[in-house]
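Listed below, chain by chain, are the residues.
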Amino acid sequence: MGGPPDRAAPHGVTRLSAPIALCAPNAFKGTLTAAGAAHALAAGVVDGGWRARSVPVADGGDGTLDVLLAGAGAEARVQELRVTGPLGRPRRARLGWLGPDLAVVEMAEAAGLRLLGSRREPLRATSRGAGELIAAALDGGARRIIVGVGGSASTDGGAGILVALGARLLDRHGRPVDLGGGALVTIATVDLSGVDARLRHTTVEVAVDVRSPLFDVAGAAYVFAPQKGADGNQVLLLDGGLRHFASLIEDAAGMPGLADQPGAGAAGGAAFALAALGASLGGGAAMVCDRVGLDEAIAGATLVITGEGRLDPQTSTGKAPSEVAARARQAGVPCVAVCGTVQGGDGEFDATIALDQMSEEPRRRVRALLRLAGTRALAAVPRLQA
C-alpha cells in the first residue's frame, strides 16, 4: 500500500499506543510523487509523536500508474514502448500490468502536458500515443484495461486515440486529417469500421478526474484548454471543433447525446472517444482508492492527512483529496488537507494547511515543508486536542 504501515521516529521510538495518522496524498504535480509526498508527511507525523501509515492515492491523472503498480504486489510489471508523443514526435512511454490480463494506460505517459515543458501548442497536441498504448495492451493479451486520462496536453476529442485504434478521419477530399484539436473542424467523414475488433471482447474502464461534458462553457476547451496554452480565439476554435467532431462520432457510433455525459470532456475529450468505442467512464479517485484499500486503512486511523499541489473549486469535481475526505467523513475520522496553495474548495476538510503560507518558495522546499505540515496537521483539528 505504498509503504510500511508504521514508521519509527527518526530521533527516537514512537510509542505503540500512540494514535495513527493516515497519510493519503495525491502527487504534488511537477514536484513530488504521491509516494514521496506521503513519505514526507509521515516523517512529520512521527516527529509529532504519532504513528504514521502511508497510502498514496491518485485520480486518473499524473501518477496513477505508479500508485496502482505499488499496490499490485508481485504481479505488477512495466513494459516500455515507443509511441507518438503529444506533438507527434516519437517518445518512450510505460504501459503497466497489474496481472496477466489487466493493463493500465496512463495517458500522461504518452500525451501528457508534463512532457512539453514550457512549450504549449494547444491546436497541435494529440492523444494518439495513448491509443498506441491501448493497442499495445491488446497485443499483450489484456482482457481489461484501465485508462487514466488526466494530465493530458491535448484537446482533440480523442481523435488521435481513435486513429491509433483503426478509425479513419477524413477531410472533404477523402484525405486523413492532421493531428490535434485544431484540425477537428476539417473532418468530413468518420469511419469506425476498422477499429480494432479486440476491443469488443475487452473491458475498458476510463478513470476520469473531472465531470465536464465535451463542449460548451463547462466543457473541455473552455475549462481546461487555457491550462494547455490556448488563448481566447483558440478556445473558441477548439470548442467549435469538438462540437463538430461530436456530431460525426455520435452518428457513426449510433450514440446520440454521448458528448453530454459527465466526464466526456476529460483529457480534452479523450474520454468521449473511448466511450464511443464502448468504454465505461468512472471516477478515477474512487477506483484507485478501492484498489489500494483506503477504507480499511482509514478504519484504523485517528486522523487522515491528504492533499495535492492545489486546492480549488475543481477539487470537489473528482480529484483525489475530495474522495479521501468523503471516505474519512463517512468513517467519522477527521481529515486535513495539505496543499501547495489553497484557492477555495476547502469546505470538505476539517482543516487545511497551505505550503505557500509557510514559505515564499514552497516548490523549492516542498519535501521539508510537507514534513513540517505533517506535524502541524496533528494539532489542526480542535476536537482531537480535547
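As shown above, the structure is provided for reference.
Residues numbered from 1 in each chain as written. Predicted model: local features only at pLDDT ≥ 70, side-chain atom pairs only at ≥ 80, totals over all residues. Heavy atoms only, no water.

Asker: Honestly, helix 11 (residues 320–331) in this entry has me stumped. Any pointers?
Answerer: Over its 12 residues, helix 11 runs 17 Å from end to end, which matches the ideal 16 Å to within 8%, given 1.5 Å per residue. Residues of helix 11 that are buried sit in contact with helix 9 (284–291), helix 10 (294–299), strand 11 (303–306) and strand 13 (335–339). One or two residues past the end of helix 11 sits Gly332, with phi positive at roughly 75 degrees. (Helix = DSSP H or I, 4+ residues; strand = E, 2+ residues; numbered from the N terminus. Expected span 1.5 Å × (residues − 1). Contact = heavy atoms within 4.5 Å.)

Asker: Quick question: what am I supposed to make of the packing of aromatic side chains here?
Answerer: Remark: the centre distance and the inter-plane angle together describe each pair of aromatic rings, the angle taken between the planes. Taken as a whole and assessed by the stated rule, the structure comprises one aromatic pair. The interplanar angle of 70 degrees and the centroid separation of 6.4 Å between the aromatic rings of Phe245 and Phe272 together place this pair among those described as edge-to-face. Separated by 27 residues along the polypeptide, Phe245 in helix 7 (residues 232–253) and Phe272 in helix 8 (residues 270–276) bring together distant segments of the chain. Taking relative accessible area as the criterion, Phe245 reaches 0% and is therefore assigned buried. According to the relative accessible area criterion, Phe272 is buried, its value standing at 0%. (Phe/Tyr/Trp six-rings, centres within 6.5 Å; stacked < 30°, edge-to-face > 60°. Buried < 20%, exposed > 50% of the residue type's maximum accessible area, 1.4 Å probe, protein only.)

Asker: So what exactly am I meant to see when it comes to the environment of Gly151 here?
Answerer: Position of Gly151 among the secondary structure elements: in the loop between strand 6 (144–148) and helix 5 (159–164). Once the C-alpha coordinates of Gly151 and Leu115 are considered, the two residues, 36 residues apart in sequence, prove to be 10 Å apart. Apart from residues lying up to four places away in sequence, Gly151 is in contact with Gly61, Asp62, Ala108, Ala111, Gly112 and Leu113.

Asker: Even after reading the chapter, I still don't get the environment of Glu323, so can you show me in this structure?
Answerer: Relative to the elements of secondary structure, Glu323 occurs in helix 11. The spacing of Glu323 and Asp251 is 72 residues in sequence and 35 Å in space, taken between C-alpha atoms. Contacts of Glu323, omitting those with residues within four sequence positions, involve Ala285, Ala286 and Cys289.

Asker: It is not clear to me how helix 4 (residues 128–139) should be interpreted in this structure. Could you clarify?
Answerer: Since one α-helical turn is 3.6 residues long, residues separated by three or four positions face the same way. For helix 4, built from 12 residues, the straight-helix expectation of 16 Å at 1.5 Å per residue is met to within 8% by its first-to-last C-alpha distance of 17 Å. In terms of residue burial, helix 4 counts as a mostly covered element, since nine of its 12 residues are buried. Within helix 4, the full set of buried residues consists of Gly129, Ala130, Gly131, Leu133, Ile134, Ala135, Ala136, Ala137 and Leu138. Following helix 4 by one or two positions, Gly141 adopts a phi angle in the positive range, close to 95 degrees.

Asker: What is the right way to read the side chain of Lys228 from this model?
Answerer: Structurally, Lys228 is set in the loop between helix 6 (220–224) and helix 7. For Lys228, which is buried and forms no salt bridge, the nearest opposite charge comes from Asp156, at a distance of 7.9 Å. Sequence-distant contacts of Lys228, that is, excluding residues within four places in its chain, are made with Leu113, Arg120, Pro122, Ser152, Ala153, Ser154, Thr155, Ala267 and Gly268. (Lys, Arg positive; Asp, Glu negative; His and termini not counted. Salt bridge = Lys/Arg side-chain N within 4 Å of Asp/Glu carboxyl O.)

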